[in-house]
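Remarks on the overall topology
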Amino acid sequence: MNLDQGQHKDTGPSLRRVYLDHAATTRVRPEVVTAMVNFMGEDFGNPSSIHGWGRVAREAMEQSRANVARLIGARATEIIFTSGGTEADNLAIIGVAMASRGKGKRHLITSQIEHHAVLHTCEYLEEHGFEVTYLPVDADGLVDPQDVAAAIRPDTALVTIMHGNNEVGTLEPVEDIGLVCRERGVPFHTDAVQSAGKVPIDVNAMNIDLLTLSAHKMYGPKGVGALYLRRGTRLEPLQHGGSHERKMRAGTENVPGIVGLGVAAGLAYDELAETSKTLAAMRDRLIEGLLALPNTKLNGHRTRRLPHNVNVSFRDIEGESVLLALDMNGIAASTGSACTSGSLSPSHVLMAMGNTHQDAQGSIRMTLGRDNQPEDVDYVLERMVPIVERLRLMSPLAEGTLRPRGEETPEPAAQPEGSQCACETEEEAPK
Ligand SMILES: Cc1ncc(COP(=O)(O)O)c(C=O)c1O
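Positions within a chain are numbered from 1, following the residues in the order the chain's sequence is written. Per-residue local features of the predicted model are confined to residues with pLDDT of at least 70, and side-chain atom pairs are confined, for both listing and counting, to 80 or more; whole-chain, interface and lining totals are unaffected and use all residues. Values shown for side chains rest on all heavy atoms present in the structure; no hydrogens or waters enter the calculation.

**Remarks on the overall build of the protein**
- Counting from the N terminus, the helices are DSSP H or I runs at least four residues long and the strands are E runs at least two residues long. Tallying secondary structure elements over the protein gives 12 helices and 12 strands in all.
- Taking all 431 residues of the protein together, the buried fraction comes to 53%.
- The method behind every accessible area is Shrake-Rupley, applied with a 1.4 Å probe, and residues are considered shielded solely by the protein chains displayed. With the model as given, the accessible surface of the protein reaches about 19,400 Å², and the carbon-plus-sulfur share is 53%. Relative accessibility thresholds used throughout: buried, under 20% of the residue-type maximum; exposed, over 50%; partly exposed, between the two (1.4 Å probe, protein chains only).

The structure is reproduced here in structure tokens:
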């Protein structure tokens, strides 16, 4: 299969291909691939070995650690490499909870709109005797720092609130939440998987004690990420074995992956201001064009928003149907997080923001990336108008309002085989 930008095995030669699912994953940058390949071939050493091969691997790993630290204003010694965002979230939440349990601290605070890597980890801890407060959000998806302050108890072990929401793009007031936590002596973790490399982050200015990031959301490889752990924050490791990563994460390091993360983080830091400006300009044009369609609403905060995120709800139509129609026009988007698309239950994020079931089902997420051009936005808007009009005419939800009198409801388009998300389980499927 040709891996050139935009190519897809089902593609006809003339169709424009527009990838607007950068919140799900990003294409690995060529500079990253080149650096990684060396560490799978010639420089294949184990960083724990004391000979020359080992030293080369160790030096490259330490350079990556320095690059990741620079991206978030941390020290290199405060970075722990992991197998991705999910592992870093688990390590932060379970690790701090376990380290605090001896002091009788068995309470955690999070929000209702976190990624499942956080929510399911909190639920796991509840099954093991911890108590969790799930804070509500307002209609824009914002957590109120005053709610965090009110929820903190003497036995609170950790507050974990995400930085940028993966579905609706809202940027949480982490600086203020971190300040509340600092004043009360409670460690503060933030999941910055979607925001790292897109908006400036300084763990000191933002009062963050632990932070999660992932390489594949910033043009690095899948299966590698990092946890920032402020010096002095107590954490119990989840994996036991060798003394890798200062005994916080046993196991021979994924050197090619870590090198890839380091190069991606370095480039993201150097280009952050420029890239986020370009992305935000395309985002705003896309939002403006979509909101010009009747009965369409923006999900997420209008300005406190990730520069690459657009999320809208079209009244009376299913987001899934829009996605299928977009796909037939060569446009890749999503209905929410990669792990809930394909499941018919509405997004927990949109429901927590007070949307109706119907508005939540009519949502689609489009996330821009560095390979997108302003012409992609024009193309999407041009294709979207007839798609939305046609689906509204077909929609049983819009009965009596939009369908021409006397027309029968057409059969819904058949779902192509394999259109369900790989991670949908039978449990999540509608009964
Ligand atoms: C906010 C957020 N947290 C965590 C993750 C999980 O990261 P990873 O895919 O590296 O395990 C994701 C991935 O979509 C995410 O968007």
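**Looking at the site of the ligand**
- Working definition: residue near molecule or strand if any one of its non-hydrogen atoms lies within 4 Å of it. Every one of the 13 residues lining the ligand counts as a neighbour, but Gly-85, Thr-86, Asp-191, Ser-214 and Lys-217 are closest to it.
- Whenever two N or O atoms come within 3.5 Å, that pair is a polar contact, provided that in protein one can donate a hydrogen and the other can accept it, and provided that, for residues adjacent in sequence, both atoms are side-chain atoms. Between the ligand and Thr-86, the relevant distance is 2.6 Å, taken from an oxygen atom to a side-chain nitrogen or oxygen of the residue.
- Note that an oxygen atom of the ligand is positioned 2.8 Å from one of the side-chain N or O atoms of Gln-194.
- Taken by itself the ligand offers 400 Å² of open surface, and the protein chains cover 86% of this.
- Under the scheme applied here, ten amino acids are nonpolar (Ala, Val, Leu, Ile, Met, Phe, Trp, Tyr, Cys and Pro), four are charged (Asp, Glu, Lys and Arg), and all others, including Gly, are polar. Counted by class, the shell around the ligand contains 2 nonpolar, 8 polar and 3 charged residues.

**Side note on the pairing of strand E8 (residues 225–229)**
- Of all 5 residues in E8, 5 are buried; the element is thus mostly enclosed.
- For two strands to pair, DSSP has to find at least two bridges joining them. Two elements, strand E2 (residues 79–82) and E8, share 4 bridges in a ladder whose sense is antiparallel. Across the sheet, residue Thr-82 finds its bridge partner in E8, namely Gly-225.
- Across 5 bridges, the pairing between strand E7 (residues 210–214) and E8 is antiparallel. Counted as the bridge partner of Ser-214 is Gly-225 from E8.

**Concerning the environment of Val-28**
- Mapping Val-28 onto the fold places it in the loop between strand E1 (18–19) and helix H1 (30–38).
- When the C-alpha atoms of Val-28 and Ala-215 are compared, they prove to be 9.3 Å apart, with 187 residues separating the residues in sequence.
- By definition in these notes, contact holds between two residues if any of their heavy atoms fall within 4.5 Å. Excluding anything up to four places from it in sequence, Val-28 contacts Val-33, Tyr-219, Gly-220 and Pro-221.

**Structural notes on the environment of Ile-364**
- In this fold, Ile-364 is placed in strand E12 (residues 363–367).
- For the pair Ile-364 and Gly-319, spaced 45 residues apart in sequence, the C-alpha separation works out to 5.4 Å.
- Discounting residues that sit within four places of it in the chain, Ile-364 has contacts with Val-310, Asn-311, Val-312, Phe-314, Gly-319, Val-322, Leu-323, Leu-326, Ser-334, Thr-335 and Met-384.

**Considering the pattern of salt bridges**
- Salt bridge criterion: a side-chain nitrogen from Lys or Arg within 4 Å of a carboxyl oxygen from Asp or Glu. Under the definition given, this model contains 20 salt bridges.
- Salt-bridge contacts for Arg-249 lead to Glu-87; the nearest nitrogen and oxygen are separated by 2.8 Å. With Arg-249 in the loop between helix H7 (244–247) and helix H8 (255–291) and Glu-87 in helix H3 (residues 85–101), this residue pair connects regions lying 162 residues apart in the sequence.
- Asp-284 serves as the salt-bridge partner of Arg-302, at 3.5 Å between the closest nitrogen and oxygen. Residue Arg-302 is found in the loop between strand E9 (296–298) and strand E10 (309–314), and its partner Asp-284 is found in helix H8; the two are separated by 18 residues along the sequence.
- Linked through salt bridges whose partners overlap, the residues forming this network are Arg-58, Glu-62, Arg-65 and Glu-245.

**A word on the side chain of Asp-21**
- Relative to the assigned elements, Asp-21 resides in the loop between E1 and H1.
- Judged by its relative accessible area of 13%, Asp-21 is buried.
- When sequence neighbours within four positions are dropped, the list of residues in contact with Asp-21 reads Ala-332, Ala-333, Ser-334, Arg-365 and Thr-367.

**Remarks on unusual backbone geometry**
- In this structure, Asn-207 takes a positive phi of about 55° despite not being glycine.
- Structurally, Asn-207 can be placed in the loop between strand E6 (188–191) and E7.

**A word on the sheet that holds E10**
- What the 3 strands build is an open sheet, ordered E9-E10-E12; its pairing is antiparallel. A single partner strand is all that each edge strand has here, and the edge strands are E9 and E12. When strand polarity is set aside, the average angle formed by the axes of neighbouring strands in this sheet is 25°.
- Relative to E10, E9 runs antiparallel, the two sharing 3 bridges. By the bridge assignment for E10, Leu-298 is matched with Val-312.
- For helices, the fitted axis covers only the stretch in contact; all axes are lines through C-alpha atoms, and the angles between them, taken along N-to-C directions, range from 0 to 180 degrees. In the packing of H8 onto the sheet, contacts are made with E9, E10 and E12, and the angle to E10 comes to roughly 5°.

**With respect to the packing of aromatic side chains**
- Note on aromatic contacts: the rings of Phe and Tyr and the six-membered ring of Trp form a pair at centre separations within 6.5 Å, being stacked when their planes are under 30 degrees apart, edge-to-face when over 60 apart, and tilted otherwise. For the structure shown, the criterion picks out 1 aromatic pair.
- With centroids separated by 6.4 Å and ring planes inclined at 45°, the aromatic side chains of Phe-44 and Trp-53 adopt a geometry described as tilted. Across the pair, Trp-53 and Phe-44 agree in class, each one exposed.
- Sitting over a ring, as applied to charges here, requires NZ of Lys or CZ of Arg to be within 6 Å of the ring centre and within 35 degrees of the ring normal. If you follow Arg-106 out to its NZ or CZ, it ends over the ring of Phe-130, 5.1 Å from the centre.
- Lying across the ring of Tyr-219, Arg-370 places its NZ or CZ 5.8 Å from the centre.

**Here we look at the side chain of Asn-299**
- As for its position among the elements, Asn-299 is in the loop between E9 and E10.
- Looking at Asn-299, the relative accessible area reads 1%, which means it is buried.
- Among the polar contacts made by the side chain of Asn-299, one reaches the side chain of Lys-297 at a distance of 3.1 Å.
- Here Asn-299 is in contact with Val-168, Arg-305, Asn-311, Val-312, Ser-313, Leu-350, Met-353, Asn-355 and Ser-363, once residues within four sequence places are set aside.

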